[in-house]
Amino acid sequence: MGNKIKMFVSDMDGTLLGADFAISGENIEAIRRLECAGIEFVIATGRIYSDAYSICHKSKINPYIICNNGACIFNKQQEQVYGRWLPNEGLAEIIEFMEGHKICYAISTSKEYYMASNWEALLDEEAGRLEKRG
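Parameters and conventions
Residues numbered from 1 in each chain as written. Predicted model: local features only at pLDDT ≥ 70, side-chain atom pairs only at ≥ 80, totals over all residues. Heavy atoms only, no water. 1 Å grid on protein atoms, 1.4 Å probe; cavity = no way out; pocket = protein on both sides within 12 Å on 5 of 7 lines; lining within 4 Å. Points joined across faces, edges and corners; volume = space filled by probe spheres on them. Helix = DSSP H or I, 4+ residues; strand = E, 2+ residues; numbered from the N terminus. Nonpolar A, V, L, I, M, F, W, Y, C, P; charged D, E, K, R; others polar. Core = buried A, V, L, I, M, F, W, Y, C linked by side-chain atoms within 4.5 Å. Buried < 20%, exposed > 50% of the residue type's maximum accessible area, 1.4 Å probe, protein only. Polar contact = N/O pair within 3.5 Å; in protein donor to acceptor, adjacent residues only side chain to side chain. Contact = heavy atoms within 4.5 Å. Salt bridge = Lys/Arg side-chain N within 4 Å of Asp/Glu carboxyl O.

Asks: Describe the layout of surface pockets, and please don't skip the residues or the numbers.
Replies: To find leftover empty space, a probe the size of one water molecule is rolled over the atoms. Here the largest pocket defines a volume of roughly 430 Å³. As for the largest pocket, its lining consists of 18 residues, of which Arg84, Trp85, Leu86, Ser108 and Thr109 are closest to the centre. At the level of secondary structure, the elements contributing two or more residues to the lining of the largest pocket comprise β6 (106-108) and β7 (113-115). Among the elements that take part in the lining of the largest pocket, β6 stands out by supplying three residues, more than any other. A class-by-class count of the residues in the lining of the largest pocket yields nine nonpolar, eight polar and one charged.

So, in structure tokens, the structure goes:
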């Protein structure tokens, strides 16, 4: 007997989602076939949980979700079963450093993003600096 596949993990952006940021009917059908075969379908994404869950919920799929670039894992009951985070102490200094060096940043919880109010301008500046380097 060969090894049986037990889990199928998929990214969202550029993989599972179409240009409309939705899961296509074809992909939903493939997920259903995996589930019928006893294979656990799991999402792994850089998105925050509330974004990933909302997309899955609209498509009527209920996977485990690994989110925030691996910092959090949620089960099918929407309970966080794993989480890593930065302590609040020192966070203000990190933000001050990023803003002082004009570095685009985003800080997230599983439900919200926090970013510089001028993030688009900062991102354009960073892209310009990278272009000059190389």
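Asks: Break down the nonpolar core for me, citing the residues and quoting the values.
Replies: In terms of nonpolar packing, the biggest core is built from 20 residues, with Met12, Ile23, Phe41, Ile43, Ile61 and Ile65 touching the most fellow members. Secondary structure elements with two or more residues in this core: α1 (12-16), α2 (25-36), β2 (40-44), α3 (49-58), β3 (64-67) and β4 (72-74).

Asks: Break down the side chain of Arg47 for me, with residues and values.
Replies: For Arg47, the position within the fold is in the loop between β2 and α3. Polar side-chain contacts of Arg47 include one of 2.8 Å to the side chain of Asp13. Residues within four places of Arg47 in sequence aside, it is in contact with Met12, Asp13, Leu17, Phe21, Ile55, Cys67, Asn68 and Tyr113.

Asks: Tell me about the pattern of salt bridges, and please be specific about residues and values.
Replies: Within this structure, the stated rule accounts for five salt bridges. The salt bridge involving Arg47 is made with Asp13; its shortest N-O contact spans 2.8 Å. Of the two residues, Arg47 is situated in the loop between β2 and α3 and Asp13 in helix α1; the sequence distance between them amounts to 34 residues. The buried category is assigned to Arg47, whose relative accessible area is 15%.

Asks: Which residues make up unusual backbone geometry, and what are the values?
Replies: In this structure, Gln78 is a non-glycine residue whose phi angle is positive, near 60°. Of note, Lys102 is a non-glycine position whose phi angle comes to about 55°, a positive value. Looking at the secondary structure, you find Lys102 in the loop between α4 (91-100) and β6. Classification of Lys102 by relative accessible area gives partly exposed; the value is 43%.

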